[in-house]
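Chain residues, written in single-letter form:
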Amino acid sequence: MKEWCMAVMKHKFQIFTLSRNSHGVSIIVKHLHEAMAAAGLDVEIVHDLSSLDFNCTIIPYGIKESFILVRKGYPVEYAFLADAESLGYRNKVLFYLRHFIWGHGDLMHSLKNYFKMRTAEQYILPRVKNCILVSRRDIEYYKRIAPKTNYLFLPNGVAPSPVLKKTPSHNIRLGILSGWEAIGRAAENEWFVRDYFIRAKKSGLPVEMKIAGRGKYIELFRQYPDVEIIGEVADLNTFFADIDILVLPTPKGCGILNKALDGFSHRTFVAGHPAAFSGLQMFQGTFSTFSDYDGFVDLIDRYGKEPQKIQKMIDDAYEIVKTQCNWDTIYGRFVQELDKGTDK
């Protein structure tokens, strides 16, 4: 292993990410950088290998970035993996098999990536000192792979939105918000539109569907009647003002869905597949889940008949956003832990 200059490490930091186009990654890296800079640390964001300074503390964000540093023999103090990716792929494979879904090839793609990510995780985790994840469930999963590694729980944050005035509607408006750059993301959501929404619409339930987000695979949903394709939205307030329920169909069951946090912060009722909420234990009791079609129908029925209960869930979720999801507070705690390496 190469000898790295550890004396300088406490004085300079680099956040290393190869991702330039992922909105979710950009938000997390931005807030981490701001928190570290606000604490007086010398920190920069690096997007390419040639800019890495191996004489400082490099915090890799992601599996690939962590793998690169470990392979080079760099002593990684903090690997920000965020999500247990093999767990997400495993859960998708199991969901597709149980429901006989091919998912435009996403079943085989997810199976392949499960083994790929699992192998990478088994290599990386025992070789880093601290692994940062956004979900406690993911931490428990990784502890079975590398029990001697220290794990830090660092959930995602979200900013409370202004008070929204919902536009009136006679129907219950469902919304799905995602990025559609990958076919897998479309497959994770299409099953709900095809098997639940279309069936509910044909049965006479008063529901509408709006799908928003950027990416070419949103076009897959145009084949379904009664689905409004919005595309990329410049202002989330506008999207959330026009829906009643944000639906999260993804069966991945890893990490934290930022779209759920967006829904909570925009005072919108959030519901979906149970796996979509695996990293949102602090919001327990403020959202609803359904595991089958009858459960979805029951949800729609309760939404119409129990407005006060639904509103209380919305208000409780928003209160959690205000008190526990502040980016500065979350990452401020991490900055304090940089020299401690203790799991909170």
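For the structure, see preceding data.
These numbers were taken from a predicted model, which means no experiment stands behind them.

Trainee: Please give an account of the pairing of strand β6 (residues 150-153) that cites residues and values.
Mentor: Here strand β5 (residues 130-133) pairs with β6 via four bridges, running parallel. In the sheet register, L133 faces β6, and the bridge partner there is F153. Running through helix α5 (residues 136-145), the crossover from β5 to the neighbouring parallel element β6 is right-handed.

Trainee: So what about the packing of helix α3 (residues 85-98) against helix α4 (residues 106-124)? Which residues, and what values?
Mentor: Between α3 and α4, the shortest axis-to-axis distance is 8 Å and the interhelical angle comes to 150°. Taken together, the axes of α3 and α4 are roughly antiparallel relative to one another. In this structure, the crossing between α3 and α4 has a hand that is left-handed. When α3 is examined against α4, the residues E85, S86, Y89, R90, K92, V93, Y96 and L97 are found in contact with a partner set consisting of D106, L107, S110, L111, N113, Y114, M117, R118 and E121.

Trainee: Explain helix α11 (residues 327-337) residue by residue, including any values.
Mentor: For α11, the complete set of buried residues consists of W327, I330, Y331, F334, V335 and E337. Burial along α11 is one-sided: seen end-on, the buried residues are contained in an arc of 160°. Opposite the packed face of α11, turned more than 90 degrees from it, sit the exposed residues D328 and Q336. The secondary structure elements touched by the buried residues of α11 are α1 (23-38), β4 (78-82), β5, β6 and α10 (307-324).

Trainee: Tell me about the nonpolar core, residues and numbers included.
Mentor: Within the largest apolar cluster, 47 residues are counted, with the highest numbers of intra-cluster contacts made by M36, F80, F264, F283 and Y331. Elements supplying a minimum of two residues to this core: β1 (12-16), α1, β4, α7 (236-241), β10 (245-248), α8 (258-265), α10 and α11. Per-element accounting of this core gives the leading share, six residues, to α1. Y331 has contacts with I28, H31, L32, A35, F80 and L154, leaving out every residue within four places of it along the chain.

Trainee: So what's going on with the environment of L177? Which residues, and what values?
Mentor: Within the element layout of this structure, L177 appears in strand β7 (residues 172-177). A relative accessible area of 7% places L177 in the buried class. Here the alpha-carbon distance between L177 and I211, two residues 34 residues apart in the chain, equals 6.0 Å. Contacts of L177, omitting those with residues within four sequence positions, involve A212, G213, V233, L236, F239, F240, L246 and K259.

The rules we used
Residues numbered from 1 in each chain as written. Predicted model: local features only at pLDDT ≥ 70, side-chain atom pairs only at ≥ 80, totals over all residues. Heavy atoms only, no water. Pairing = 2+ DSSP bridges. Helix = DSSP H or I, 4+ residues; strand = E, 2+ residues; numbered from the N terminus. Right-handed = clockwise from strand over helix to strand, strands pointing away. Axes fitted to C-alpha atoms, helices over the stretch in contact; angles between N-to-C directions. Parallel < 35°, antiparallel > 145°, perpendicular 65-115°, else oblique. Left-handed = near helix turned anticlockwise from the far one by under 90°. Contact = heavy atoms within 4.5 Å. Buried < 20%, exposed > 50% of the residue type's maximum accessible area, 1.4 Å probe, protein only. Arc of directions from axis to C-beta. Core = buried A, V, L, I, M, F, W, Y, C linked by side-chain atoms within 4.5 Å.

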